[in-house]
Each structure stands twice: as C-alpha cells, then as structure tokens.
Amino acid sequence: MGLSYNVYLNSRKIYGCKNCKAHLGDHDDIMSRNFRGQHGKAYLFNNVVNVTAGEASERNMTTGRHIVRDIQCQQCSETVGWKYDKAFEASEKYKEDKYILEAELLCNVT
C-alpha cells in the first residue's frame, strides 16, 4: 500500500470533514438535500473525494432494503456517511453508486 494523497476541490462551495477539514464534496455534486442520517440532515452526492469505504452490509432503511458501505475520511478516519451499492426497490435504484454525507459531520471549507 502506497501513500494516499488528498484531492483538493476547486469550487465556490466545498464541504469538508468537520474533524480535519479535508475536502469531501463539491456543492454542485449534491443530488438531493432531502435525506436523513444517524446525526440528522444528510445530502445525497453524485461524487465525493478523499474517502475510503468499509465492508458492504445489508441494511433496512426507511426507504427499503439496501446494500451500503460506511465511508470514512481518508485523512482522519472519521465516519462521514455511507455509499449505496445496491437498492432492492426499483424506485430507489437512482441511489446506487451514490454517497450520503451527513451535515453534522461536515464543515464549509469555502
């Protein structure tokens, strides 16, 4: 395993890890702000950076059954949300390969 380098986003509004300020997501990549996580309000992102994904697990969520992976900040290892691997309900398929970042665990970097 080699060194991992942080990606630095260049955007008008960047969300970062509340713990270490590492860039995680671009405001323009938010698909929906109408999500809830363990800590309250959460955002569905099309793409995020500087995260590592844990093991896949099946979870029953308010919108049905999903296979998800917790995602951690690559720099400080703080859990910041999760990634949807698979949705079993047809109406939830749009979430596949998308990311949830929890607002309480984020800070505004710019």
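Owing to the predicted nature of the structure, the values given are computational and were not obtained by experimental measurement.

**Side note on the packing of aromatic side chains**
Under the definition given, this model contains four aromatic pairs. With centroids separated by 6.0 Å and ring planes inclined at 85°, the aromatic side chains of tyrosine 15 and phenylalanine 45 adopt a geometry described as edge-to-face. Placement of tyrosine 15 in strand S1 (residues 14–17) and of phenylalanine 45 in strand S4 (residues 40–45) is noted, with a sequence separation of 30 residues between them. Overall, the relative accessible area of 4% leaves tyrosine 15 in the buried class. The exposure class of phenylalanine 45 is buried, given its relative accessible area of 0%.

**Quick notes on the nonpolar core**
Leu24, Phe45, Val80 and Leu101 are the most contacted members of the largest nonpolar core, which has 15 residues in total. Looking at this core, the elements with two or more residues in it are S1, S4, strand S7 (64–73) and strand S9 (99–102). When residues no more than four places from it in sequence are discounted, the contact partners of leucine 24 are Leu9, Tyr15, Gly16, Cys17, Val48, Val49, Asn50, Val51, Val80, Leu101 and Leu106. Listed in part, the seven residues of the second largest apolar core include Ala42, Trp82, Tyr84 and Ile100.

What counts and how
- Residues numbered from 1 in each chain as written.
- Predicted model: local features only at pLDDT ≥ 70, side-chain atom pairs only at ≥ 80, totals over all residues.
- Heavy atoms only, no water.
- Phe/Tyr/Trp six-rings, centres within 6.5 Å; stacked < 30°, edge-to-face > 60°.
- Helix = DSSP H or I, 4+ residues; strand = E, 2+ residues; numbered from the N terminus.
- Buried < 20%, exposed > 50% of the residue type's maximum accessible area, 1.4 Å probe, protein only.
- Core = buried A, V, L, I, M, F, W, Y, C linked by side-chain atoms within 4.5 Å.
- Contact = heavy atoms within 4.5 Å.

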